[in-house]
Amino acid sequence: MKAIALSRRLRRTPFSEGVEAAGVKGYTVYNRMLLPTVFRSVEEDYRHLKDAVQVWDVSCERQVELRGPDATRLMQMLTPRDLRTMVVGQCYYVPIVDETGGMLNDPVAVKLAEDRWWISIADSDLLLWVKGIAYGYRLDVLVDEPDVSPLAVQGPKADDLMADIFGNAVRDIRFFRFKELEFAGRKLVVARSGYSKQGGFEIYVEGSDIGMPLWNALMEAGKRFDVHAGCPNLIERIEGGLLSYGNDMTDDNTPHECGLGRFCNTQSAIGCVGRDALLRVAQEGPVRQIRAVEIHGDPVGGCDRLWPVMAGDMQVGNISSAAYSPDFNTNVAMGLIRMTHWDEGSEVDVITPDGVRPATVRETFWI
Ligand code: THG
C-alpha cells in the first residue's frame, strides 16, 4: 500500500512529534486521527510490551463530554449497563447500543462528577448520536469533544515509571478507578486501565500544550525501565480477547454476540434506548458469538477482510482478527462463530487469502 496523504481531516495529536521522533513505522486512522500501529516490528513491540513499559499515543480515543443536570440520565440512555451503583472516581467499560440493540461503540465511561462524564470512544462517530439524543429529548446537558487526549502507559514496569512522574499515589489506584494527580501544575485524570492485559495506566491529558512536556518526562524517567514508544499491539490484544470496534463487531451485532453480556444489566438499565430490543434478544440468547480461534499451520498475515470459517461446505462464521503469537506458538484469532460450532474444541476450516487452514474454536482467550 502507498503512503496515505495527510490533511486537516486526518488529525495529528499532541504527541505526534514524540511519536515521529521515536521512529513510528506505521499508522492507522481511528476517529479521523492518527493511531500508531508499529514502532520496531509488531513482534518486537509485543515482546517489549510484556517485558518492560511503553508509552502509547492513544489520543484517537476521543472524549465525548456530558456536562449538566441531565448528564447521568443521558449516559444511562446510551448503555444497557446499570450505572446506578457507579461512583465518582470509577470507570466502566460500557456497550453503547442503538434502538435495535446494535452496538454503536464500546467505550470506557469515566464518571468525573455527578453531573459530568467523559465517554472515551472507540472508532465511530458517537458524538453525533449523543448530541442527537440530547437535543431530541430536550435534555439539560452540554455535549462536546474537549481538548483531552489519552496517553497510555502499559507494561509490567508501568507502576514504577508512573510513580516517578506522579508520585507513589499512583500505586494505590485500583483497576478501572482514577485519581486526579498533578503534572506541570495541572490536575490530570490518571486511571488504572488500558487496551492491553499487561497492566498500566491511562492519563487523560487535558490541554494539548502539556502533551509533549509529559511525553518527554515519561521518556526521560523511563530510561532506567527501558521505556519505548508503543501502541496497542495486534498480537497481545487478540491473546487477551480485547475487541476492536469496526473490526470484530459493528452495529450489526448485539452486545451478547460480542460476549459483552457481562457488561449488560438490561432489566435494570431503565432509560436505555435499546432496552426493549435487548430484552427480546437476551431472552432467546444469541445464535452466534465472538470466539477465540486457533488457526493451525504457518504464521498467517493480518486480517484486512473477513475470512470465512467453514464446516465442510457450510459457512459457520468469520474471522475478523488474526496474528501469529510467539508466546503460544500458534496463530491466535477471533471471529463470530455460529452456535452449532462455538463449543470448545470444535474443528473448522478457515479460508485465508493464502489457502484453507484447519482451526480449533476455543471458549476462552489466551490471556
Ligand atoms: N481506553 C480508553 N478508551 C478507549 C479504549 C481504552 N476507547 C477505545 C477502545 N479502547 C474501547 N474499547 C475497549 C475494549 C476493552 C477495554 C477497554 C476499552 C478493556 N477491557 C478489559 C477486558 O475486557 O479485560 C476490562 C473490562 C472490565 O473489566 O471492565 O479494558 O482501552 N480510555
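Residues numbered from 1 in each chain as written. Predicted model: local features only at pLDDT ≥ 70, side-chain atom pairs only at ≥ 80, totals over all residues. Heavy atoms only, no water.

*Asks:* Would you explain the sheet that holds strand S17 (residues 307-311) in this entry?
*Replies:* Sheet strands line up and pair through hydrogen bonds in the backbone, either parallel or antiparallel. Taking strand neighbours around the barrel as the criterion, the 6 strands line up as S16-S19-S18-S17-S20-S21 in a closed arrangement whose pairing is antiparallel. Adjacent strand axes in the sheet meet at a mean angle of 40 degrees when their direction is disregarded. Of the strand pairs in this sheet, strand S16 (residues 288-295) and strand S21 (residues 355-362) are connected by 4 bridges, and their pairing is antiparallel. Across the sheet, the residue bridging to glutamate 294 is threonine 360, located in S21. (Pairing = 2+ DSSP bridges. Helix = DSSP H or I, 4+ residues; strand = E, 2+ residues; numbered from the N terminus. Axes fitted to C-alpha atoms, helices over the stretch in contact; angles between N-to-C directions.)

*Asks:* What is the right way to read the packing of aromatic side chains from this model?
*Replies:* The geometry of an aromatic ring pair is captured by the separation of the ring centres together with the interplanar angle, meaning the angle of the planes. Under the defined criterion, the tally for this structure stands at 6 aromatic pairs. A centroid spacing of 4.7 Å and a plane angle of 55 degrees characterise the contact between phenylalanine 175 and phenylalanine 176, whose relative ring orientation is tilted. Its guanidinium or amino end placed over the ring of tyrosine 92, arginine 81 lies 3.7 Å from that ring's centre, counting from NZ or CZ. (Phe/Tyr/Trp six-rings, centres within 6.5 Å; stacked < 30°, edge-to-face > 60°. Lys NZ or Arg CZ within 6 Å of the ring centre and 35° of its normal.)

*Asks:* Sorry if this is basic, but what is going on with helix H4 (residues 126-136) here?
*Replies:* Counting along an α-helix, one turn takes 3.6 residues, and residues three or four places apart therefore face a common direction. All of the buried residues in H4 are Leu126, Val130, Ile133 and Ala134. What you see down the axis of H4 is that its buried residues fit within an arc of 100 degrees, all on one side. The exposed set on the far side of H4, more than 90 degrees from its buried face, consists of Leu128, Tyr135 and Gly136. Against strand S4 (63-67), helix H3 (71-78), strand S6 (96-97), strand S7 (103-105), strand S9 (116-120) and strand S10 (142-144) lie the buried residues of H4. (Buried < 20%, exposed > 50% of the residue type's maximum accessible area, 1.4 Å probe, protein only. Arc of directions from axis to C-beta. Contact = heavy atoms within 4.5 Å.)

*Asks:* I tried to follow the pattern of salt bridges on my own but got confused; where do I start?
*Replies:* Pairing between side chains becomes possible if they bear opposite charge and their charged atoms approach one another. Throughout the structure, instances matching the rule amount to 24 salt bridges. Arginine 12 serves as the salt-bridge partner of glutamate 20, at 3.0 Å between the closest nitrogen and oxygen. On the basis of relative accessibility, which here comes to 39%, the residue glutamate 20 falls in the partly exposed class. Note that arginine 237 and aspartate 248 form a salt bridge whose closest N and O atoms lie 2.8 Å from each other. Placement of the pair is arginine 237 in helix H7 (residues 234-239) and aspartate 248 in the loop between H7 and helix H8 (275-284), with a sequence separation of 11 residues. (Salt bridge = Lys/Arg side-chain N within 4 Å of Asp/Glu carboxyl O.)

*Asks:* Could you clarify how one ought to interpret unusual backbone geometry in this entry?
*Replies:* What is expected of a backbone is that most residues other than glycine have negative phi and most peptide bonds are trans. In this structure, arginine 138 takes a positive phi of about 50 degrees despite not being glycine. Tracing the sequence through the fold places arginine 138 in the loop between H4 and S10. Here aspartate 226, not a glycine, exhibits a phi torsion of approximately 60 degrees, which is positive. Among the secondary structure elements, aspartate 226 is positioned in the loop between helix H6 (211-221) and strand S15 (228-230).

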